[in-house]
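Coordinate inspection notes
If you want the building blocks of each chain, they are given just below.
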Amino acid sequence: MTQASLDANDRDIWEWLALRAEVRLQAQLSAAIAADQRAMVWSGLLAAAAAALASAASVCLTSSPPKIGLGYTAVVGCGGLLIGLLFAVLAARPSRWFYPGSLPSAWISDIRTHKPQAQAMQEFCDDLSDMICKNERLMADNGKMLMLSVYLTVATLFGCVISIGKITFGA
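Residues numbered from 1 in each chain as written. Predicted model: local features only at pLDDT ≥ 70, side-chain atom pairs only at ≥ 80, totals over all residues. Heavy atoms only, no water.

1. Description of helix 2 (residues 68–92)
- A rise of 1.5 Å per residue sets the reference length of helix 2, with its 25 residues, at 36 Å; its end C-alpha atoms lie 36 Å apart and thus fit the reference within 8%.
- Regarding helix 2, the residues found buried are Gly71, Thr73, Ala74, Gly77, Cys78, Gly80, Leu81, Gly84, Leu85, Ala88, Ala91 and Ala92. (Helix = DSSP H or I, 4+ residues; strand = E, 2+ residues; numbered from the N terminus. Expected span 1.5 Å × (residues − 1). Buried < 20%, exposed > 50% of the residue type's maximum accessible area, 1.4 Å probe, protein only.)

So this is what it looks like as C-alpha cells:
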C-alpha cells in the first residue's frame, strides 16, 4: 500500500475545510439575524410598556387627590423598563460582522507571488476561523445583554407588583 503524498492532498483538505467554515459563517449569520429580530421585538414591547407606565404615572400624580405611592411606583417601573430597553437596543445595534466568502482582491498578492494554493487555502482557513470566533464572541456578548434586559425587566415588574400590593393592601 502506497501512501499518497501529503502535499497532493493538502489543497483538497484546506478547500474542504474552507467550505465547512463558510457554512458555519452562514449559519452564524442566520442565527444573528434571528437574535437581532428578537432583540428588536423585545425593544418594541419594552418601549410600549414604558410609555404605558409613564402615562399611568402622569395620571396618578396629577389626579385629585394624587396617588403618590402608585405614581412613584409607575415612575420607578418606567425607569427600570427604560434601562432594560437600553440593553435590548445595545444587543441589536449594528456591529462589525464577518460574512462568508472573500473579496477577489484579497487574493491578488497570493496570485502575484505565486503562493502555493494549499498554503493560500490554509491562510484563508485561518482567517475564516478568526472570523467565526469573533462572530461567536459578539453573539455571546449580545445574548448576555438581551438576557440582562429580560432579568432587569422581570425584577422591575416584580418590584412594581410588590409595591402596588403593599400600597393597595397595606404592609
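2. Notes on a nonpolar patch on the surface
- Residues Ile13, Trp16 and Leu17 make up a contiguous nonpolar surface patch of about 280 Å² in total accessible area.
- Relative to the assigned elements, Ile13 resides in helix 1 (residues 6–62).
- The partly exposed category is assigned to Ile13, whose relative accessible area is 41%. (Patch = residues over 30% accessible without salt bridge, like charges linked within 9 Å, V, L, I, M, F, W, Y side chains within 5 Å. Areas by Shrake-Rupley, 256 points an atom, 1.4 Å probe, with all protein chains shown as cover. Salt bridge = Lys/Arg side-chain N within 4 Å of Asp/Glu carboxyl O.)

3. As for unusual backbone geometry
- Geometrically, the link from Ser64 to Pro65 is a cis peptide bond, its omega value of -5° lying close to zero.
- Secondary-structure assignment places Pro65 in the loop between helix 1 and helix 2.
- The phi torsion at His114 lies on the positive side, around 55°, for a residue other than glycine.
- The topology assignment puts His114 in the loop between helix 3 (108–112) and helix 4 (117–169).

4. Quick look at the nonpolar core
- Formed by Ala18, Ala21, Leu25, Phe98, Met121, Phe124, Cys125, Leu128, Met131 and Ile132, the largest nonpolar core amounts to ten residues.
- Looking at this core, the elements with two or more residues in it are helix 1 and helix 4.
- For this core, the element with the highest residue contribution is helix 4, accounting for six residues.
- Non-local contacts of Cys125, meaning those with residues more than four positions away in its chain, are made with Trp14, Leu17 and Ala18.
- Counting six residues, the second-largest nonpolar core is a separate cluster that includes Ala88, Ala91, Ala92 and Met145. (Core = buried A, V, L, I, M, F, W, Y, C linked by side-chain atoms within 4.5 Å. Contact = heavy atoms within 4.5 Å.)

5. Here we look at the confidence of the model for the protein chain
- Across the protein chain, the average pLDDT comes to 92, with 94% of residues at 70 or higher.
- Residue range residues 1–6 is modelled with pLDDT below 50. Its contacts to residues more than four positions away, or to other chains, number one contact. (pLDDT = per-residue confidence, 0-100.)

6. Comments concerning the pattern of salt bridges
- Taken as a whole and judged by the stated rule, the model has three salt bridges.
- A salt bridge links Lys115 to Asp110; its shortest N-O distance comes to 3.1 Å.
- A salt bridge links Glu123 to Lys115, with the nearest nitrogen and oxygen atoms 2.7 Å apart.
- Since its relative accessible area comes to 31%, Glu123 is described here as partly exposed.
- Judged by relative accessible area, Lys115 falls into the partly exposed class, the value being 24%.
- Taken together, the shared-partner salt bridges in this structure form one network comprising Asp110, Lys115 and Glu123.

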